[in-house]
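# Structural characterization, general
Residues per chain, in single letters:
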Amino acid sequence: MSASPRPSVPVLRPPFFLFGSGRSGTSLLTRMLDAHPAIAVPYESHLYNRIYPMLPRDADLDSPPVRARLVRRILATDDLRHWSPRPTLEATLAAIRRPGFHGIVEGLLDSWTIGRGKARWGEKTPHHTLEWRLILEGFPHLKVLHLVRDGRDVAVSFRTAPFGPKHVYQAAQHWVRYLTAAEEAGAALGPDAFLTIRYEDLLEDPQRELGRICAFLGEDYDPTMLTFYRQGPVYPTDARNVDRLRQPVLGDNRDKWRTRLTRREQRIFEALAGPQLERYGYTRVVSRPRIARWEEVSSRYLEHPPRRVLAMLRNRKGYGFALETLRLKVALRRVG
């Protein structure tokens, strides 16, 4: 008896990835893009920075039973539980068209997008900015949106976030690291496939910037993107972000560093990231900033660690994340 033919899955438009440091407004841009009638962007997946590195190197992902076990485990992660609607094992497996891990990623996002009744997906996991080479291997024809925010405001935002660096020294290094990775991706892709958007420009004139993004993606601009806060369930980010995502664009959510960073903190940040600030059109306020050797040691080993520990103790979600990571390590060893 011959096997039943696999159900046909519509071919979607080419995908895109949204790169940028955390606390740069990627959640806001995600919600705007997801409000477009043709575009679907789910909650962060962490597929390339969490799942892929834990896979056994000898896992045979072309084997249907192995593939099914891996997909089942991916769908059980806390990240995927936040996707709406929840992806199903059957639809995901049916949508996989090519071998390997990239095929699983594509099948997962294709099936979820089709379930939303849309024609194109985007993926937003800030950590994936650092994994651009791996992603480009699997999606050589992808497009990238790179969102940049003034790094000093990123540092201010990280202070109250349940994750990330808690001292301006580490925040500057983090910001530069993500910018460098994104710039390398841009050099590899070229201007036809890589678009940089400044968060401040998005706040100042969201219609103009969203129109520019749609033109880059080859999509028609749709005004529903400006009413993202009325669309569907709230994006499952931290409480402060959730509150902001329930409102129209807050045009004044910028330049907070001017009052929330001390002069010393401004100097430290600009000493580490001054060229990057200038490159993206941000005004420097400290003339020839320097960091003394004792400040570097103090920032790295005395000031940051206790702030980081305190943030971790307050981060209840972080406890669940740590436990899930341990469970994932054990479960993914058994996939192959």
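Parameters and conventions
Residues numbered from 1 in each chain as written. Predicted model: local features only at pLDDT ≥ 70, side-chain atom pairs only at ≥ 80, totals over all residues. Heavy atoms only, no water. Core = buried A, V, L, I, M, F, W, Y, C linked by side-chain atoms within 4.5 Å. Buried < 20%, exposed > 50% of the residue type's maximum accessible area, 1.4 Å probe, protein only. Helix = DSSP H or I, 4+ residues; strand = E, 2+ residues; numbered from the N terminus. Contact = heavy atoms within 4.5 Å. Pairing = 2+ DSSP bridges. pLDDT = per-residue confidence, 0-100. Salt bridge = Lys/Arg side-chain N within 4 Å of Asp/Glu carboxyl O.

Counting 41 residues, the largest nonpolar core has I51, L61, L70, I74, F101, F139 and L332 as the members making the most contacts within it. Among the elements of the structure, β1 (16-19), α2 (47-54), α3 (64-75), α6 (100-115), α7 (132-138), α9 (168-189) and α16 (316-333) are those that each provide at least two residues to this core. With six residues, α6 is the largest single contributor of residues to this core. Among all residues touching I51, those that are not within four sequence positions of it are H46, L70, I74, T77, F101, L328 and L332.

Before going further, it helps to spend a moment on the pairing of strand β5 (residues 194-198). For β5, the buried fraction is high: four of the five residues fall into the buried class. In this structure, strand β4 (residues 143-148) lies alongside β5, joined through five bridges in parallel fashion. By the bridge assignment for β5, V144 is matched with F194.

What follows is about the confidence of the model for the chain. Per-residue confidence for the chain averages 91 on the pLDDT scale, and 93% of its residues sit at or above 70. Confidence over residues 1-5 falls short of pLDDT 50; this stretch has zero contacts with residues more than four positions distant or in other chains.

This paragraph deals with the pattern of salt bridges. If you walk through the whole model with that rule in mind, you get 26 salt bridges. Measuring nitrogen to oxygen at the nearest pair gives 3.5 Å for the salt bridge that ties R31 to D34. Residue R31 and its partner D34 are both found in helix α1 (residues 26-34); the two are separated by three residues, about one turn of the helix. Assigned by exposure class, R31 and D34 land together as buried. Among the charged side chains, a network of salt bridges with common partners joins R264, R267, E295, E303 and R307.

Attention shifts here to unusual backbone geometry. The omega torsion of the bond from S84 to P85 falls at 0°, within 30 degrees of zero and hence cis. For P85, the location among the structural elements is in the loop between α4 (78-81) and α5 (89-95). Although it is not a glycine, H46 sits at a positive phi angle of roughly 55°. Counting through the fold element by element, H46 comes out in the loop between β2 (39-40) and α2. Using a relative accessible area of 8% as the deciding quantity, one classes H46 as buried.

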